[in-house]
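One-letter residues, chain by chain:
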Amino acid sequence: MKYSKTKKYDPTFLAPRMMGPNAMKLVEELTAGLPLLPGMRVMDLGCGMGLTSVFLAQEYGLQVFATDLWIPATANYQTFLAAGVSAIPIHADATDLPYADEYFDAIISVDSYHYYGREERFMDEKIASLVKPGGIIALVLPGLKEEFSVIPEEFKPYWDNDDVLATMHSLPWWQSLLCKSRSITVDTIAEMAGFDECWADWLACTDNEYAVTDKIVMDKGAGKYMNLIKVIARKK
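Figured I'd write up the structure that's included with this text. (Residues numbered from 1 in each chain as written. Predicted model: local features only at pLDDT ≥ 70, side-chain atom pairs only at ≥ 80, totals over all residues. Heavy atoms only, no water.)

Attention shifts here to the overall build of the chain. Check the secondary structure of the chain and you find 10 helices and 7 strands. Against the globule reference of 18 Å for 236 residues, the chain gives a C-alpha radius of gyration of 17 Å, in line with a compact fold. Here the C-alpha coordinates of the chain stretch approximately 45 × 40 × 30 Å along the principal axes. Looking at the chain as a whole, 52% of its 236 residues qualify as buried. The contacts in the chain between residues at least 6 apart in sequence include a share of 76% that link residues at least 24 apart. Summed over its atoms, the accessible surface of the chain is roughly 11,000 Å², and 51% of this surface lies on carbon and sulfur atoms. The chain carries 22 positive and 32 negative side-chain charges, and their two centres are separated by 6 Å. (Helix = DSSP H or I, 4+ residues; strand = E, 2+ residues; numbered from the N terminus. Rg over C-alpha atoms; globule rule 2.2 N^0.38 Å. Buried < 20%, exposed > 50% of the residue type's maximum accessible area, 1.4 Å probe, protein only. Contact = heavy atoms within 4.5 Å. Areas by Shrake-Rupley, 256 points an atom, 1.4 Å probe, with all protein chains shown as cover. Lys, Arg positive; Asp, Glu negative; His and termini not counted. Charge placed at Lys NZ, Arg CZ, Asp CG, Glu CD.)

Counting 53 residues, the largest nonpolar core has L36, L62, I108, F155, W199 and M226 as the members making the most contacts within it. Excluding residues that lie within four positions of it along the chain, I108 makes contacts with V27, L30, T31, L36, V42, M43, D44, L45, L56 and A138. With 29 residues, the next largest nonpolar core counts M43, A94, A128 and L141 among its residues. (Core = buried A, V, L, I, M, F, W, Y, C linked by side-chain atoms within 4.5 Å.)

Turning our attention to the layout of surface pockets. Reported here for the largest pocket is a volume of approximately 1,200 Å³. In terms of lining residues, the largest pocket is bounded by 46 residues, among which M19, W70, D111, H114 and Y115 are the most central. Mapped by element, the contributors of at least two residues to the lining of the largest pocket are helix 3 (51-60), strand 2 (63-68), helix 5 (113-116), helix 7 (162-167), helix 9 (195-203) and helix 10 (209-219). The biggest single contributor to the lining of the largest pocket is helix 10, with 4 residues. (1 Å grid on protein atoms, 1.4 Å probe; cavity = no way out; pocket = protein on both sides within 12 Å on 5 of 7 lines; lining within 4 Å. Points joined across faces, edges and corners; volume = space filled by probe spheres on them.)

Here we take up the sheet that holds strand 7 (residues 226-235). Strand order across the open sheet formed by 7 strands is 3-2-1-4-5-7-6, with mixed pairing between neighbours. For this open sheet the edge positions go to strand 3 (88-91) and strand 6 (184-191), each flanked by a neighbour on one side alone. Recorded for the sheet is a direction-independent mean angle of 15° between the axes of neighbouring strands. Where helix 4 (residues 73-83) meets the sheet, its contacts fall on strand 2 and strand 3, and the angle it forms with strand 3 comes to roughly 165°. (Pairing = 2+ DSSP bridges. Axes fitted to C-alpha atoms, helices over the stretch in contact; angles between N-to-C directions.)

Moving on: empty space enclosed by the protein. Summed over all chains, the structure comprises 1 cavity of 30 Å³ or more. Here the residues of the lining of the largest cavity are counted per class, giving 4 nonpolar, 2 polar and 2 charged. (Nonpolar A, V, L, I, M, F, W, Y, C, P; charged D, E, K, R; others polar.)

Its location among the elements puts M24 in helix 2 (residues 23-31). For the pair M24 and K7, spaced 17 residues apart in sequence, the C-alpha separation works out to 9.6 Å. Apart from the residues within four sequence positions on either side, M24 is in contact with T6, Y9, L14, L51, V54 and F55.

Residue P157 is bonded to the preceding K156 through a cis peptide linkage, with omega at 0°. Counting through the fold element by element, P157 comes out in the loop between strand 5 (131-144) and helix 7. Phi angles above zero are rare outside glycine, and D111 is one such case at about 60°. Mapping D111 onto the fold places it in the loop between strand 4 (104-110) and helix 5. Note on D111: relative accessible area 26%, which makes it partly exposed.

A few words on the environment of S176. Mapped onto the elements, S176 comes out in helix 8 (residues 171-178). Note: C-alpha distance between S176 and E120 (56 residues apart in sequence) is 9.6 Å.

Three or four residues apart is the spacing at which side chains of an α-helix point the same way, because the helix has 3.6 residues per turn. For helix 9, the complete set of buried residues consists of F195, C198, W199, W202 and L203. Within helix 9, the buried residues cover an arc of 135° as seen down the axis, which keeps them to one side. Tucked inside the fold, the buried residues of helix 9 contact helix 2, helix 10 and strand 7. (Arc of directions from axis to C-beta.)

For the rest of this paragraph, the subject is the pattern of salt bridges. This structure, assessed with the given rule, holds 11 salt bridges. A salt bridge links E153 to K156; the nearest nitrogen and oxygen atoms lie 3.2 Å apart. A salt bridge links R234 to D187; the shortest N-O distance between them is 2.6 Å. Of this pair, R234 sits in strand 7 while D187 sits in strand 6; the two residues are 47 residues apart in sequence, bridging distant segments of the chain. Taken together, the shared-partner salt bridges connect K25, E197 and D201 into one network. (Salt bridge = Lys/Arg side-chain N within 4 Å of Asp/Glu carboxyl O.)

Keep in mind that these numbers describe shape and distance, not what the molecule does.
Okay, here's the thing in structure tokens:
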């Protein structure tokens, strides 16, 4: 994929706001072909430092509610001012979202849902109710090529913890989980094309200590086990 939309943005704006594989390129790939129209109300769930929200507001003309727990709303507001977009920054926990039922035309989540959405009932009880019938739920999930019960040596010592085994799963694992939902229909679940490029952008952020650590792991060969998964679903 050429990522022609993302390449319009200044790398000096993008790099300091990355928190993992290039989220702007991921959301460009995720949303390509989706029926997103100007003025639609969209929640960007787990928006991080706001790159995905900037993209959605700028490229699609959406009314974006940029929702994150880790990044203060004021920090993201400053990002939106710098980018010249009017996304709405919200500080909130994904397990206790402050929105009305059927408020959104779509919910989009990039590199976030795997932290909190792994329980079977979560989609139905916490997420799908916030979307209008027929609305879109689109996710990017960092994951694995296949499940493993013991962390491979390539991940150690930096990723040698229970969080990796808990949060990172394979495409079949996510398909099985999400297809149990009573509230959504999964239209697409597939590997993403941008794994190498989006990871390369992140690992080039040599001023970021997390990127530096991730580069050690990837240089050891951990990438051969890993995946990026996209999910496109509709609210029933």
